[in-house]
Amino acid sequence: MKEYKDEDDKCFGIAGMAIGISILNGEDLLLGADLDDESGNYLTFTPDYYFQGSPLLGASEAWRITINRYRMTIGMLLANIFCRSMHSGKVISYMEAKKALFSGIAEEGRRSCQLDDDEIRKLFQETYDYLRQVFIDTNVRTIANRFSARLKDNRRLSNCEIKQLLGMIDE
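Just so it is clear, the model here is predicted, and its values are computed rather than measured.

For Asp48, the position within the fold is in the loop between β2 (43–45) and α2 (59–88). The residues contacting Asp48, other than those within four sequence positions of it, are Leu29 and Arg69.

Right, dumping it as structure tokens:
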């Protein structure tokens, strides 16, 4: 993924990731956002996000959760790019997104999910198509602008603040 050009670009990237995981129903796995995180992990997650399996779950349920978390990861990365490009006014094509992200996403899919490249491509394409539609919506642009401005001002956002900014709970 491209380095952030400036602080505004970073704020929009983080906003995109928060929107992306929320659109894919993972907002409760998100603890918060920190614009100044020195490690570059601008979002923090609950331990459940890093699901490694459980003897209490059947194999098919564990597989479903693993694939779902992987799809959330793809979604956050794509949403980061979509939101940043939306802010800059540049439309991102499928090929540009694939070129920027696919090798890392494919490596993770093979490692964590034992997926083959055709399965990874299918998940990537489906997630790209879905999020492209999300980021076309003018309401999402408004949410991204509000989120990035608040993050820039406050530097950190809690899960509750993120949900408020995304319109999931009343302020």
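Contact geometry of helix α3 (residues 94–113) with helix α4 (residues 117–136) gives a least axis separation of 10 Å together with a crossing angle of 130°. By the angle class used here, α3 and α4 are oblique. Note on packing geometry: the crossing formed by α3 with α4 is right-handed. Across from Tyr94, Ala97, Lys98, Leu101, Phe102, Ile105, Ala106, Gly109 and Arg110 in α3, the residues of α4 making contact are Asp117, Ile120, Arg121, Phe124, Gln125 and Tyr128. Here the contact of α3 with α4 is composed, by residue class, of nine nonpolar, two polar and four charged.

A word on the packing of α2 against α3. For the pair α2 and α3, the least separation of the axes is 11 Å and the interaxial angle reads 165°. Between α2 and α3, the angle is such that the two are roughly antiparallel. As for the relative orientation of α2 and α3, their crossing is right-handed in sense. Facing Trp63, Thr66, Ile67, Tyr70, Ile74, Leu77, Leu78 and Ile81 of α2, the residues of α3 in contact are Ala97, Ala100, Leu101, Ile105, Ala106, Glu108, Gly109, Ser112 and Cys113.

Further remarks concern helix α5 (residues 138–154). Taking 1.5 Å per residue, 17 residues should reach 24 Å; α5 reaches 24 Å between its end C-alpha atoms and fits that length. The set of residues buried in α5 consists of Val140, Ile143, Ala144, Phe147, Ser148 and Leu151. Buried residues along α5 cover an arc of 125° about the axis, so they all sit on one side. Of the residues in α5, the exposed ones pointing more than 90 degrees away from the buried face are Thr138, Asn139 and Asp153. Regarding α5, its N-cap is Asp137, as a side-chain oxygen of that residue lies 2.6 Å from the backbone nitrogen of Asn139 further along. Two residues or fewer after α5 comes Arg155, characterised by a positive phi angle close to 75°.

This part takes up the packing of aromatic side chains. In this structure the tally under the stated criterion is nine aromatic pairs. Ring geometry for Tyr49 and Tyr50: centres 5.2 Å apart, planes at 90°, overall edge-to-face. For Tyr50, a relative accessible area of 46% puts it in the partly exposed group. Taken together, a centroid distance of 5.6 Å and an interplanar angle of 85° make the contact between Phe102 and Phe124 edge-to-face. Pair noted here: Phe102 is in helix α3 and Phe124 is in helix α4, with a separation of 22 residues, a long-range link.

Rules of the game
Residues numbered from 1 in each chain as written. Predicted model: local features only at pLDDT ≥ 70, side-chain atom pairs only at ≥ 80, totals over all residues. Heavy atoms only, no water. Helix = DSSP H or I, 4+ residues; strand = E, 2+ residues; numbered from the N terminus. Contact = heavy atoms within 4.5 Å. Axes fitted to C-alpha atoms, helices over the stretch in contact; angles between N-to-C directions. Parallel < 35°, antiparallel > 145°, perpendicular 65-115°, else oblique. Left-handed = near helix turned anticlockwise from the far one by under 90°. Nonpolar A, V, L, I, M, F, W, Y, C, P; charged D, E, K, R; others polar. Expected span 1.5 Å × (residues − 1). Buried < 20%, exposed > 50% of the residue type's maximum accessible area, 1.4 Å probe, protein only. Arc of directions from axis to C-beta. Polar contact = N/O pair within 3.5 Å; in protein donor to acceptor, adjacent residues only side chain to side chain. Phe/Tyr/Trp six-rings, centres within 6.5 Å; stacked < 30°, edge-to-face > 60°.

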